[in-house]
Amino acid sequence: MSTPIHRTSTRQSAAVLASARRREEGSRTGSTSARPTERALLEMQSRAGNRATTAMVQRARDSERGNAAANGGASPQAKKNYRDRIAALLDRFKKNLEPVDTFVKGFQTPTNAAFTQQAAVAANESLKHSTAASGTSAASGNLLTEAAGTVVNGMDAYKNMKDAKKHETGADHHRANRKAKTKGVDTVVGAAGSGSYSAAIAKEVTKIQKAADAAVASEASGIAGASVGTVKGIRSAFRIGRAARKYQQIKELGDPHLVQAGALARLNESREQADWAAAQAYVALDSYWKHEGPGRLELVSEAIDAAWEAMAEARDAGETLRRAENDVEKLSTVQQYAKKKQLTKIGKEAAGGGGESVKAAAGVVTAVAAGTVGLASNPVGWGLAGAGAGLVLGVTLYKALRAATKRYEEVHHPERWAPQGETPAEAASRTQSLKHALKFWKKVSKGERQAMAREIYALAAGPDISGHTTAEMRESARSLLIALKSGPAQHKLEPDAWAETLNDPAKTSGWIAEIAEQLASG
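The shown structure was predicted, so the numbers you read here are calculated from the model rather than taken from an experiment. (Residues numbered from 1 in each chain as written. Predicted model: local features only at pLDDT ≥ 70, side-chain atom pairs only at ≥ 80, totals over all residues. Heavy atoms only, no water.)

1. Quick look at the packing of helix α14 (residues 471–483) against helix α16 (residues 495–502)
It is at 13 Å that the axes of α14 and α16 come closest, and there the two elements cross at 105°. By the angle between their axes, α14 is roughly perpendicular relative to α16. Within the contact between the two elements, α14 uses Arg478, Leu481 and Ile482 and α16 uses Trp498, Ala499 and Leu502. Among the residues forming the contact of α14 with α16, the class breakdown is five nonpolar, no polar and one charged. (Axes fitted to C-alpha atoms, helices over the stretch in contact; angles between N-to-C directions. Helix = DSSP H or I, 4+ residues; strand = E, 2+ residues; numbered from the N terminus. Parallel < 35°, antiparallel > 145°, perpendicular 65-115°, else oblique. Contact = heavy atoms within 4.5 Å. Nonpolar A, V, L, I, M, F, W, Y, C, P; charged D, E, K, R; others polar.)

Here you go:
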């Protein structure tokens, strides 16, 4: 980023130009007073004769005089913006490739395996060549998507690692630290996947060229595919374990209706006592109205004040009970939602991880067949490959359909998950909503998960934010946060300091983002 050019008056510009011409004439007559940088730039100015070149001369002088402010370098913030823009473009590029990648993994690759089996049985060289060419294009598409994803994950890991260091504690630190670890593992797995697809390309190319080492390439590709599939399967197993533990911890919190039964009973008793006191105050007021003795007006006035005060207390007690009952219902709803999310996570990881494990088995079979009987028919290998691809494809299509449905609801029914007290956006038409649903590169920002995160935060926040929440209800909501792995230990804070962050309005958005992510993760 160049240094801004400061405007100068016409008289100043003329003086500068005259001075420049004199120095140029001096240089032509052999004067050594002009510096080499100035002579080159002045020659440019004499040919162009514009103000921009004159400004370049001025900056050259300032640079040689040691003016660091005129070095023309880009600021760290600008570099950060460039990095973010590049990461966003790569992420958009990767997401645009994902539909093609899904088709390749779910249909083209297993179909190629089947035709390869048929070509081997029939000794059909033409079919072998065609399937090898198709396999090369499929692996190339997979490699392009995987490589782009690897770069994006690496950049995300680096960015979140810096954010985690910047926010040493709290929800922002935990969210960035968790993302840095997750994206770091994604980068390593993506790099291994890229290597596996490269080996697959090499295998298919050797088939096209009918190279003598085709069996070796096939064996190497099978081993690489088996290794990557095994790693992904193991990772899914760990994710299933974490989601299962989180589900169990949420389940151990118990039904809020039962946990809060005692607190609701006490509030109901307070309401009944307040109602009884109000009734007694009105009975006393009635008796004073009928009193005919001296001081009747003073007694009636005092009785009216007492009745109004008793009614206000009864009204407050009733309102407190109603709010507590509503909070119990909200807590029950969010706990059920949190458990459902973990069960869904377990199901998706089981199907996806199982598919990767089956694909790993297919790679093993392919490697063994290539190493023992060359490129002979291998029905087990392509059968396993097809089964594994089917499982992975099913999970991918499920995720895509769910995301499209959420994007549709986000704009077609904006009032459904709008924050309380906020005016919802105008509902989009069915056609516009369908178009928005097809924008698979966009994330849902106002969906059910975000609404549930706001509900949990409202229940768990401190008295400065949710002053009407009872202490018992706030404690239960914070227990849910701990079960969701958003407790003091994850935030590297003492319990009191952790509670203070929940009572800080400046940290509200960070807390809601943290809870939303923890609801989705295992």
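2. A look at the side chain of glutamate 517
Among the secondary structure elements, glutamate 517 is positioned in helix α17 (residues 508–520). Beyond its immediate chain neighbours, meaning those up to four positions away, glutamate 517 contacts Arg175, Arg178, Lys179 and Arg449.

3. Topic: the packing of helix α13 (residues 448–460) against α17
At their nearest, the axes of α13 and α17 sit 8 Å apart, and the two run at 120° to each other. Classified by the angle between their axes, α13 and α17 sit oblique to one another. Note that α13 runs across α17; the crossing there is right-handed. Here Arg449, Met452, Ala453, Arg454, Ile456 and Tyr457 of α13 lie close against α17, whose contacting residues are Thr508, Trp511, Ile512, Ile515, Ala516, Glu517, Leu519 and Ala520. (Left-handed = near helix turned anticlockwise from the far one by under 90°.)

4. Observations concerning the pattern of salt bridges
Applying the stated criterion across every chain, the model contains 12 salt bridges. Taking the shortest distance from any N to any O, the salt bridge between arginine 175 and aspartate 172 comes out at 2.9 Å. Highlighted residues: arginine 175 and aspartate 172, both in helix α6 (residues 170–209), separated by three residues, approximately one helical turn. Salt-bridge contacts for aspartate 186 lead to arginine 235; the nearest nitrogen and oxygen are separated by 2.4 Å. One end of the pair, aspartate 186, is in helix α6; the other, arginine 235, is in helix α7 (residues 214–252), and 49 residues separate them in sequence. Across the pair, exposure class does not vary: aspartate 186 and arginine 235 are buried alike. A single salt-bridge network, built from bridges that share partners, covers Arg178, Lys179 and Glu517. (Salt bridge = Lys/Arg side-chain N within 4 Å of Asp/Glu carboxyl O. Buried < 20%, exposed > 50% of the residue type's maximum accessible area, 1.4 Å probe, protein only.)

5. Observations regarding the confidence of the model for the chain
Averaged over all residues, the pLDDT of the chain is 76; the fraction at 70 or higher stands at 67%. Counting contacts from residues 1–57, a segment whose pLDDT is below 50, to residues more than four positions away or on other chains yields 43 contacts. (pLDDT = per-residue confidence, 0-100.)

6. Concerning the environment of glutamate 410
Turning to its location among the elements, glutamate 410 is positioned in helix α11 (residues 379–412). Residues within four places of glutamate 410 in sequence aside, it is in contact with His436, Lys443, Val444, Ser445 and Lys446. At 3.1 Å, the side chain of glutamate 410 and the backbone nitrogen of lysine 446 are in polar contact. (Polar contact = N/O pair within 3.5 Å; in protein donor to acceptor, adjacent residues only side chain to side chain.)

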